[in-house]
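Coordinates in review
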Amino acid sequence: MNFTELMLSRRSCRKFTDAKVTESQIEALKQVALCAPTSKNCQSWEFIFVTDAALIEALSKSKSQGAAFLASAPLAVVVVGNTARTDVWVEDASIAATFIQLKAEELGLGSCWVQMRERGTDDGRRATDNIAELLGIPSGYEVECVIAVGHKLHERSPYEVDKLPTEHIHENKF
Ligand SMILES: Cc1cc2nc3c(=O)[nH]c(=O)nc-3n(C[C@H](O)[C@H](O)[C@H](O)COP(=O)(O)O)c2cc1C
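This part is about the overall build of the protein. Broken down by element type, the protein carries 5 helices and 4 strands. Taken from the N to the C terminus, the helices and strands of the protein come in the order α-α-β-α-β-α-β-α-β. Against the 2.2 N^0.38 benchmark of 16 Å for 174 residues, the protein shows a C-alpha radius of gyration of 17 Å, consistent with a compact globule. With the C-alpha coordinates of the protein rotated into their principal frame, the extents come out at 45 × 45 × 35 Å. Buried residues in the protein amount to 43% of all 174 residues.

Right, dumping it as structure tokens:
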């Protein structure tokens, strides 16, 4: 698959088979995460690769909406930012999360971004605090998102070049 085909093929996957993500696949995901560019090369990101089913289940409850499906994923990559290193840790973390999603697609795996920053549970707790408590993340770090990764239960149609929302593209001026 060439780069453009990869970009067109990546669709969010929220249903996974029971198959595990292999150690070599996890290693490949770790490598691309650590290649992601950061502001002033500050490397503000941290990644927690979670394969423990009980922890993944608990992660799926760390916010009230949009995370339940995570419970069925064999791998959850928690993308964390060091807020003291840079004011743009959100951007740094987001680029790395995207790299992970694209590498997962290249490996033939499915993935989905689960937003955690600015999200929470109905009792008013922040998702990032729930996750920090669960995974022992020290203060000074914030969770951006969790990337769910696993084997796709269904293939989704890729994006089609001639159906892309070209109205969002502007030339020279908005
Ligand atoms: C910043 C961001 C936050 C997202 N948060 C969630 C989420 O919390 N739960 C979820 O199921 N999907 C989440 N998604 C996935 C989007 O719903 C999905 O990318 C979008 O609908 C486009 O579909 P596609 O990924 O198949 O292209 C998020 C995606 C992004 C980029």
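Bringing the packing of aromatic side chains into the picture now. A complete count under the given rule lists 1 aromatic pair for this structure. We note Arg11 situated over the ring of Tyr159; from NZ or CZ to the ring centre the distance is 4.3 Å. One residue, Lys30, lies across the ring of Phe49, its end atom 5.5 Å from the ring centre.

Burial of nonpolar side chains together is a common tendency in soluble globular proteins. Counting 22 residues, the largest nonpolar core has Leu70, Val78, Met116, Ile131 and Val146 as the members making the most contacts within it. Within the residue set of this core, elements represented by two or more residues are α3 (53-59), β2 (75-82), β3 (110-115), α5 (127-135) and β4 (141-150). Those residues in contact with Met116 that lie beyond four places of it in its chain are Leu59, Ser62, Lys63, Ala67, Ala127, Thr128, Ile131, Val143, Glu144, Cys145 and Val146. The next biggest cluster of nonpolar side chains, apart from the first, holds 19 residues, and it includes Ile26, Ala33, Trp45 and Ala93.

For helix α4 (residues 89-106), which comprises 18 residues, the first-to-last C-alpha distance of 26 Å matches the rise-based estimate of 26 Å (1.5 Å per residue) to within 8%. If you check which residues of α4 are buried, you get Trp89, Val90, Asp92, Ala93, Ser94, Ala96, Ala97, Ile100, Gln101, Leu102, Ala104 and Glu105. If you follow the buried residues of α4, they end up packed against α1 (3-9), α2 (23-35), β1 (45-50), β2, β3 and β4. Remark: Gly108 follows α4 within two positions and exhibits a positive phi of approximately 85 degrees.

The rules behind these values
- Residues numbered from 1 in each chain as written.
- Predicted model: local features only at pLDDT ≥ 70, side-chain atom pairs only at ≥ 80, totals over all residues.
- Heavy atoms only, no water.
- Helix = DSSP H or I, 4+ residues; strand = E, 2+ residues; numbered from the N terminus.
- Rg over C-alpha atoms; globule rule 2.2 N^0.38 Å.
- Buried < 20%, exposed > 50% of the residue type's maximum accessible area, 1.4 Å probe, protein only.
- Phe/Tyr/Trp six-rings, centres within 6.5 Å; stacked < 30°, edge-to-face > 60°.
- Lys NZ or Arg CZ within 6 Å of the ring centre and 35° of its normal.
- Core = buried A, V, L, I, M, F, W, Y, C linked by side-chain atoms within 4.5 Å.
- Contact = heavy atoms within 4.5 Å.
- Expected span 1.5 Å × (residues − 1).

Bear in mind that shape data such as this cannot, by itself, settle questions of function.
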